[in-house]
Each structure stands twice: as C-alpha cells, then as structure tokens.
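Structure assessment
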Amino acid sequence: MSVVTSKTFFPAFIKTLGILFFYILIGLFIDSVYVTENYGESQWVANIIMVIVFTVTCFKVSPRIREQLFYAVLLGFFGEYLFSVAMGMYTYRLENVPHYIPMGHALVYAGVLFFIKTAFTKKNHQKLEKILTVIIILYSTLFLIFRNDVFGFVMTVGTLLILIKKPRERLFYLTMYLAVAFLEIVGTTYQCWWWPTTAWGIFDFLPSHNPPTGISFFYFLLDLGTLWFYKKRHKIAWSRMKNVRKIRQIKGTVTN
C-alpha cells in the first residue's frame, strides 16, 4: 500500500511524519552536545547523512515535489542566516548554520505535505483540523502558564488567526506547527541550538521558553516562498489547476 492510499491513521502517520520524526531524532542526536563531548565533533557526520537522505528523497518524489524541495532548501539557507546569524533569533551549538539545516527544512516540508495527501487525511481533514487545533491551544497555553512563554503564545495566536481565512491550507499549517514543535523540542533538548530568554534577546516584554511554542509562524514564510517560486515557474499549469478547482466547487454547489 502506497503512502497516498493509506486509509487509516497509523499507516498514514508512520509512512510520512513517523519517518520524518525518526530522522529528526537520529540526525539531531548525532549533532548533540552528548555525542560531541563523548565521541568528538560530529556535525560533519550529520551533514553527510543529511545529504544522502535528501538525495535519496529527491529521487523518490515526483518532479513537482523535487522542485519545491530545492526551493525550500534555497529559502531555508537565506532564512537561517537572516534569523540566526544576522538577527540572533536563536543560536546553534557552534554558532554557525549547520549545512544539514536547510535540507532539513525541506524534508519537514515534504513530510507534512505527504501526510496531508494520504487517503486517511483527506477523508478526515475536518476532524483532524479540530483535534490539532485543540492540541495546539493546550500546548501553547500550558507553556505560557508553566514556562512563561509569552513569545511562543503570541506567535501561536497569530498563526491561528491567519488560518481562519485559509481553509485550504489550514490542515497543512496545523500539521506543520506540531512537526516544528517536535523538531524544536528535540533540537533544544540535544542542545543543538538554543533560544534566548526573551524574543531575539531584546524584547523584555516577550519572555520566551527554550524553545518557544508557535515558532512554525516563521516556517510559513518558507512554505509560502516555496509555493510562490513554484507558481512563478509554472504559471500556466497553476492557472489550469485553479480553474479545475473552481469547476469542482461549482459542480459541488449544484449537486448540493
């Protein structure tokens, strides 16, 4: 059974987000403080493994997804140097931008994209939206109360408000929120990077946890940028797809 035809939760999850979470756990562990202190500097190993995994992934996906992955890497590269190096929003263990990070952003994008394309997700998208929204609200609220994570809570609220008017993309971004939350918790636990105690280490009125919740707010820039590049490169195909969607909506309205 392929990923797309997975009709129940566990096959759909394991073949998409499950694989992604496994890569995150193993890949970031290799770059962790624990491994470095006990076995020597190992970031180069994580870089090599990521190149291999990313290359294999590119060969396995469709040309359309492959192109989007390359855009995600490009935008991830510039985004990391902007937010981490130039703006000091967070700091990596070696105070650099590890080479595996931009490719990692692309794999997170792919994992979430494949999950929402499964038969299970398409069939249960409304129910999943409600469940994920509740989980996100509880997660960010608990961190606000017990970790004083005002920065993360504000970004979470901003995310949910934006998604009110984006029903088509809502499930993708809700899933992305939780995937990024998992990534950030693992990365900071391994001490691959860390966040300052306030937003950017500057705004005292926005206390932050390490990591803050809602950080996927900034991943939206990556996702939107990736889609923007793809639309610009394929204007005719994108216009055709939009017309097909309109026709389906009209047929659905008439049928109802």
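As a reminder, the structure under discussion sits directly above these lines.
Since the structure is predicted, the reported quantities are computational estimates derived from the model, not experimental observations. (Residues numbered from 1 in each chain as written. Predicted model: local features only at pLDDT ≥ 70, side-chain atom pairs only at ≥ 80, totals over all residues. Heavy atoms only, no water.)

**With respect to the packing of aromatic side chains**
Under the convention used in this document: Between the rings of Phe, Tyr and Trp (Trp by its six-membered ring), a pair exists once the centres lie within 6.5 Å; its type follows the angle of the planes, with under 30 degrees stacked, over 60 edge-to-face, and the other angles tilted. Each residue gets one of three labels from its accessible area relative to the maximum for its type: buried under 20%, exposed over 50%, partly exposed in between, using a 1.4 Å probe on protein chains only.
By the definition in use, this model includes 24 aromatic pairs. Aromatic pair F22 and Y23: ring centres 6.3 Å apart, planes at 50°, arrangement tilted. Seen in terms of ring centroids, F172 and Y173 are 5.2 Å apart; in terms of plane orientation they differ by 85°. Their pairing is edge-to-face. One exposure class covers both F172 and Y173, and it is buried. Put simply, the rings of F83, F151, W200, F203, F205, F217 and F218 touch in pairs and so form one group of aromatic residues.

**Notes on the nonpolar core**
This is how the line gets drawn: We call a set of buried residues a nonpolar core when its members are Ala, Val, Leu, Ile, Met, Phe, Trp, Tyr or Cys and they connect through side-chain atoms within 4.5 Å of each other. Residues are treated as being in contact if the distance between any of their heavy atoms lies within 4.5 Å.
Membership of the largest hydrophobic core comes to 63 residues, with the highest contact counts inside it found for L28, F54, L69, M89, F151, W193 and F218. Once residues within four sequence positions are removed from consideration, F54 is found in contact with L69, F70, V73, M103, A106 and L107.

**Thoughts on the pairing of strand β4 (residues 203–207)**
To keep it simple, the criterion reads: Any two strands with at least two DSSP-identified bridges between them are counted as paired. Only DSSP runs of H or I with at least four residues qualify as helices, and only runs of E with at least two residues qualify as strands; both kinds are numbered from the N terminus onward.
In terms of strand pairing, strand β3 (residues 198–199) meets β4 through two bridges, oriented antiparallel. Note on β4: the bridge partner recorded for A199 is F203. Between the antiparallel neighbours β3 and β4 lie three residues, among them W200 with a positive phi of about 60°.

**Quick word on the environment of G88**
Topologically, G88 is positioned in the loop between α4 (63–86) and β1 (91–92). Excluding residues within four positions of it along the chain, G88 makes contact with F83 and W200.

**Quick notes on the packing of helix α8 (residues 150–164) against helix α9 (residues 170–189)**
The condition is simple: Only the contacting stretch of a helix is used when fitting its axis, a line to C-alpha atoms as for every element, and angles between N-to-C directions run 0 to 180 degrees. With respect to orientation, any angle under 35 degrees is reported as roughly parallel, any angle over 145 as roughly antiparallel, any angle of 65 to 115 as roughly perpendicular, and every other angle as oblique. With the far helix as reference, a near helix turned anticlockwise by less than a right angle produces a left-handed crossing, and one turned clockwise produces a right-handed crossing. Residues are sorted three ways: Asp, Glu, Lys and Arg are charged, Ala, Val, Leu, Ile, Met, Phe, Trp, Tyr, Cys and Pro are nonpolar, and all the rest, Gly among them, are polar.
Between α8 and α9, the least distance of the axes is 10 Å, while the angle of their chain directions is 165°. When the axis of α8 is compared with that of α9, the two are roughly antiparallel. In the crossing of α8 with α9, the sense of the turn from one axis to the other is left-handed. Only R170, Y173, L174 and Y177 of α9 make contact with α8, whose side of the interface consists of T156, L160, L163 and I164. Looking at the contact of α8 with α9, its residues break down into six nonpolar, one polar and one charged.

**Structural notes on the pattern of salt bridges**
The criterion, for reference: Should a side-chain nitrogen of Lys or Arg be within 4 Å of a carboxyl oxygen of Asp or Glu, the pair is scored as a salt bridge.
Using the criterion set out here, one finds three salt bridges in the structure. Ionic pairing is found between D31 and R93, a salt bridge with its closest N-O pair at 2.6 Å. In this pair, D31 is assigned in the loop between α1 (9–30) and α2 (33–39) and R93 in the loop between β1 and α5 (100–116), connecting sequence segments 62 residues apart. Across the salt bridge formed by E41 and R93, the nearest N and O atoms sit 2.8 Å from each other. One end of the pair, E41, is in the loop between α2 and α3 (43–60); the other, R93, is in the loop between β1 and α5, and 52 residues separate them in sequence. Overall, E41 belongs to the partly exposed group, its relative accessible area being 36%. Salt bridges linked by common partners bring D31, E41 and R93 together as one network.

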